[in-house]
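# Fold and contact review
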Amino acid sequence: MFDKFENKYIVKGTIVALKPIHIGKGQESMDPTEVDSPVIKDENGLPLIPGSSLKGVLRSFVERVLSSGAFEGYRSCLIVNDEPCVSDDDVKRLKTKYDKDYKKIAEEIYESSCNVCRLFGSNHLAAKLTIKDLNSIDEKTFFDMRDGVGIDRDTGTAKDGKKYNYEITPSGTRFKLHMIGDNLDDDDIELLKICLNVLKNGQISVGGMTSRGLGTIKLIDEKIYKVDKSNLKEYVSNGLNEEMRWNDV
Amino acid sequence: MIKVKLNLISPLIVGARNLVGNFLTTKDYIPGDVIRAAIAREILRNCPLHDVGRPDKDGRYNWIYIRDGEKCSRCKYKGWCSNFSNIRFYNFYYDGARPFPLSAMKCKYHNDHGLVDVLFNKKSECPRCKERVEFATGYYKDGKMVDVPKRFFTRTAIDPYTKTARDGGLYSILAIEEGSTFEGYVDGTNDLEEFKTLRIGADTSSGFGKCEIEICSEGAGNEVDLIERIEKLNKIVGKRQYGGKTYKTLITLDFYSDMIPDIDYNIPLKTTDDYKELWKKILNLGFQYDVIKVYSESNLYRGYDTSKPTDDMREKPSVYIEKGSVVLIGTNEDIDGIKDKLYSAEKSGIGQNTANGYGNVKICDKIHLNGGN
């Protein structure tokens, strides 16, 4: 629940690209000299990993891990496959049952939600975990371009008209990570730890063409802070300081 | 009387009404009482002696008056507080336009083809393209209809527990765009320089209604001007015969703002003559005259009175005559004998609540002097 402050976990660090990254802009440029598939860039022309790219990868990773049954007591749903833990019909029923008792409705939604939806959010419950867009901290980036071609299965040669190219953010590019967890309970913290560990171990890939060698990233130089009732006054007055560091991961 | 411009720095919502469901729209002009309320709020906000919970001696809350003779004598708003109820705030209209006169028709196909005043003119065709004409509402300036620019804002309420959009919490506001300018008059004070900016209308705490005040010049007509207008109108009309009577002088009254009649409505009405008699009572000009023609629409009005102590601050609903209404009267009295009364009507307004912009009337408006063009 979000109506009261319980705690806040803030993760700051650097994401470094172990392999080149391709997060496409999603539209072709009008410029005929530009590549077929350019990467998304910020207003300064530097590469950018949208928060949604990283959050989506982490969410689907956690969903798969929890669905395996290896973590006892944790629930996971497949929210994009029409099998959500809390459906639209469930919420309609709750709204009819409790009328305008919004707190009661929210409590029932929270109770019915799986661990993944509680942390990463759903249509009916906001996410506890927030990931900001990851801007590059490098001063300049030299984007690379790769060519690809489709191979004719009969002749084994290049198929006519199947030549394409795409832009990549080179490996070694560094991005600034800012991740926030609000009102996390013990279960949420365990999931946050999983996310941070796989990031630190370089087990996560973002963007497109990850099966073709791209996208592996790693978290380095991370600093994790925990704000709770004991240091909330200090946090809202002066911001984060070293005494708020949390080293439990 | 000072002519004042309000330059909108942020979008404006005035007298928002629910059109359908969750759709709110603004009025397209700023009533005088909204300006008065904005100035009153600014004065009270800066008044160290104002106690929200304490009424004045007549039980009115949020009232502007001299609270302490000695302390108030050092305040820059003392001129306002000593005279606030006597200051008249006129309605403010977009870009200095006027309400489209209900006695006029406009080209059906072109908004900029001027108008045909059918008060004296039986021809009903566009003066420029000779096409069909129609009655209209809205605003008119320099020979064309004026549109007030508006834009949408869509918002939603957030459930504090789930931080998602609250069910049924989505609503849209159609507000007047920032950058627009409204013009009007304030009568009875010269101290408007005290206010550089104001927050006007609704939702001022969430970014709406901020405007700059620009003082233009002394405005409005004088007595000589009024008599010239009457003489010019009668010269143009020529024949002054209506209903078998010949009148010495014809006079038109154009309502530049809504008017709340100061009469008892509980009168059975049957014939046109009954309505004309009712209009004589409404106008109450104080001399002998007949009501010849009336182009008018009426509506129900209900505002809020923030000086009331209860939670329900709504005023009693009352009938009001809509702005743009036009009345033609005929009299056999000498102009010299009635000019003071006509001047007084133009200066003070007709009906109730004239201090807040209601009942603003223009006698023999120039729109009738040349067919509107």
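Residues numbered from 1 in each chain as written. Chains lettered and ligands numbered in written order. Predicted model: local features only at pLDDT ≥ 70, side-chain atom pairs only at ≥ 80, totals over all residues. Heavy atoms only, no water.

The next point concerns the overall build of chain B. Scanning chain B from terminus to terminus reveals seven helices and 24 strands. In summary, chain B has a C-alpha radius of gyration of 23 Å against a globular reference of 21 Å for 373 residues, a match within 12%. For chain B, with 373 residues in total, the buried portion stands at 44%. In chain B, 71% of the contacts between residues at least 6 apart in sequence involve partners at least 24 apart. A total of about 19300 Å² of accessible surface is found on chain B, and carbon and sulfur atoms cover 46% of it. Of the charged side chains in chain B, 56 are positive and 53 negative, and the gap between their average positions amounts to 2 Å. (Helix = DSSP H or I, 4+ residues; strand = E, 2+ residues; numbered from the N terminus. Rg over C-alpha atoms; globule rule 2.2 N^0.38 Å. Buried < 20%, exposed > 50% of the residue type's maximum accessible area, 1.4 Å probe, protein only. Contact = heavy atoms within 4.5 Å. Areas by Shrake-Rupley, 256 points an atom, 1.4 Å probe, with all protein chains shown as cover. Lys, Arg positive; Asp, Glu negative; His and termini not counted. Charge placed at Lys NZ, Arg CZ, Asp CG, Glu CD.)

Moving on, we get to the interface of chain A and chain B. Contacts between chain A and chain B engage twelve residues on the former and eight residues on the latter. Counting each side, the surface lost to burial between chain A and chain B is near 940 Å², with a carbon and sulfur contribution of 66%. Remark: the boundary between chain A and chain B carries one salt bridge. With its nearest N and O atoms 3.6 Å apart, the salt bridge here joins Asp167(B) to Lys95(A). For the side of chain A that touches chain B, the element with the most residues is helix 3 (residues 102–112) of chain A, which contributes three residues. Per-class residue counts for the side of chain A that touches chain B are six nonpolar, two polar and four charged. (Buried area = accessible area lost by both parts, 1.4 Å probe. Salt bridge = Lys/Arg side-chain N within 4 Å of Asp/Glu carboxyl O. Nonpolar A, V, L, I, M, F, W, Y, C, P; charged D, E, K, R; others polar.)

The subject of this paragraph is the packing of helix 1 (residues 51–67) of chain A against helix 5 (residues 186–200) of chain A. Describing two packed helices takes the angle between their axes plus the distance from one axis to the other. All names here are of chain A. Two numbers describe how helix 1 lies on helix 5: the axes approach to 11 Å, and their chain directions differ by 115°. Judged by the angle between their axes, helix 1 and helix 5 are roughly perpendicular. Crossing angle aside, the handedness with which helix 1 passes helix 5 is right-handed. From helix 1, Leu54, Leu58, Phe61, Val62 and Leu66 reach across to helix 5, where they touch Leu191, Ile194, Cys195, Val198 and Leu199. Here the contact of helix 1 with helix 5 is built from residues that sort into ten nonpolar, no polar and no charged. (Axes fitted to C-alpha atoms, helices over the stretch in contact; angles between N-to-C directions. Parallel < 35°, antiparallel > 145°, perpendicular 65-115°, else oblique. Left-handed = near helix turned anticlockwise from the far one by under 90°.)

Looking now at the nonpolar core. Counting 40 residues, the largest nonpolar core has Leu54(A), Leu58(A) and Met179(A) as its most contacted members. Of all elements in the fold, only strand 1 (7–17), helix 1, helix 4 (115–120), strand 3 (129–131), strand 7 (174–182), helix 5 and strand 9 (216–228) of chain A reach the threshold of two or more residues within this core. If one sorts the elements of this core by residue count, helix 5 of chain A sits on top with eight residues. Contacts of Met179(A), omitting those with residues within four sequence positions, involve Tyr9(A), Ile10(A), Val11(A), Leu58(A), Leu129(A), Thr130(A), Ile131(A), Leu192(A), Leu196(A) and Leu199(A). One finds Ile35(B), Ile176(B), Leu198(B) and Ile200(B) within the second-largest nonpolar core, a separate group that totals 38 residues. (Core = buried A, V, L, I, M, F, W, Y, C linked by side-chain atoms within 4.5 Å.)

So, on to the pattern of salt bridges. Summed over all chains, the structure comprises 31 salt bridges over all chains. Between Glu222(A) and Lys200(A) there is a salt bridge, with the nearest N and O atoms lying 3.2 Å from each other. Residue Glu222(A) is found in strand 9, and its partner Lys200(A) is found in helix 5; the two are separated by 22 residues along the sequence. By relative accessible area, Glu222(A) is classed as partly exposed at 25%. Salt-bridge contacts for Arg60(B) lead to Asp56(B); the nearest nitrogen and oxygen are separated by 3.0 Å. Exposure remark for Arg60(B): the relative accessible area of 27% places this residue in the partly exposed category. Residues participating in the shared-partner salt-bridge network are Asp56(B), Lys57(B), Asp58(B) and Arg60(B).

A word on the sheet that holds strand 2 (residues 17–18) of chain B. Residue and element names in this part refer to chain B. Strands sit in the order 2-3-13-12 across an open sheet of four strands; the sheet is mixed. Both outer strands of the open sheet, strand 2 and strand 12 (150–158), are each paired with one neighbouring strand and no more. Two strands pair when backbone bridges link them, and strand 12 and strand 13 (residues 165–176) are joined in this way by eight bridges, in the antiparallel orientation. By the bridge assignment for strand 13, Phe153 is matched with Ile173. (Pairing = 2+ DSSP bridges.)

Residues and elements named next belong to chain B. If you trace the three strands from one edge of the open sheet to the other, you get 6-10-11, paired in antiparallel fashion. In this open sheet, the two edge strands, each paired with only one partner strand, are strand 6 (98–99) and strand 11 (144–146). Sheet topology places strand 10 (residues 139–141) next to strand 11; three bridges connect them, and they run antiparallel. Looking at the pairing, Lys141 lines up with Lys144 of strand 11.

Turning next to the packing of aromatic side chains. Residue and element names in this part refer to chain B. Going through the model one piece at a time under the given rule, you end up with 16 aromatic pairs over all chains. When the ring of Trp80 is compared with that of Phe89, the centres are 6.4 Å apart and the planes differ by 15°; the resulting orientation is stacked. An identical accessibility class is assigned to Trp80 and Phe89; each is buried. Every member of this aromatic cluster is reached through a ring pair, and the members are Tyr77, Trp80, Phe84, Phe89 and Phe195. We note Arg36 situated over the ring of Phe84; from NZ or CZ to the ring centre the distance is 5.1 Å. The ring of Trp63 has Arg60 sitting right over it, with the charged end atom 4.0 Å from the ring centre. (Phe/Tyr/Trp six-rings, centres within 6.5 Å; stacked < 30°, edge-to-face > 60°. Lys NZ or Arg CZ within 6 Å of the ring centre and 35° of its normal.)

As a further point, take helix 1 of chain A. Residue and element names in this part refer to chain A. With 17 residues, helix 1 ought to run about 24 Å at 1.5 Å a step, and its terminal C-alpha atoms sit 24 Å apart, in line with that. Of the residues making up helix 1, those classed as buried are Gly51, Ser53, Leu54, Val57, Leu58, Arg59, Val62, Glu63 and Leu66. Where helix 1 terminates, the next one or two residues include Gly69, which has phi positive at roughly 90°. (Expected span 1.5 Å × (residues − 1).)

Let's shift gears to unusual backbone geometry. Residues and elements named next belong to chain B. Despite not being glycine, Asn353 shows a phi value in the positive range, around 55°. Inspection of the secondary structure assignment puts Asn353 in the loop between helix 6 (335–348) and strand 24 (361–363). Positive phi, close to 50°, is recorded for Cys364, a residue that is not glycine. One can find Cys364 in the loop between strand 24 and helix 7 (366–369).

With that settled, the discussion passes to the environment of Gly69(B). Residue and element names in this part refer to chain B. Residue position: Gly69 is located in helix 2 (residues 69–72). Under the relative-accessibility criterion, Gly69 is labelled exposed at 53%. The spacing of Gly69 and Ile213 is 144 residues in sequence and 29 Å in space, taken between C-alpha atoms.

All right, on to the packing of helix 2 (residues 88–98) of chain A against helix 3 of chain A then. Residue and element names in this part refer to chain A. Put simply, helix 2 and helix 3 touch, their axes get as near as 9 Å, and they point 145° apart. Between helix 2 and helix 3 the crossing geometry is right-handed. Taken together, the residues of helix 3 that come into contact with helix 2 (itself represented by Val91, Leu94, Lys95 and Tyr98) are Lys104, Ile105, Glu108 and Ile109. Across the contact of helix 2 with helix 3, the residue classes break down as five nonpolar, no polar and three charged.

Function cannot be read off these values alone, since they describe shape.
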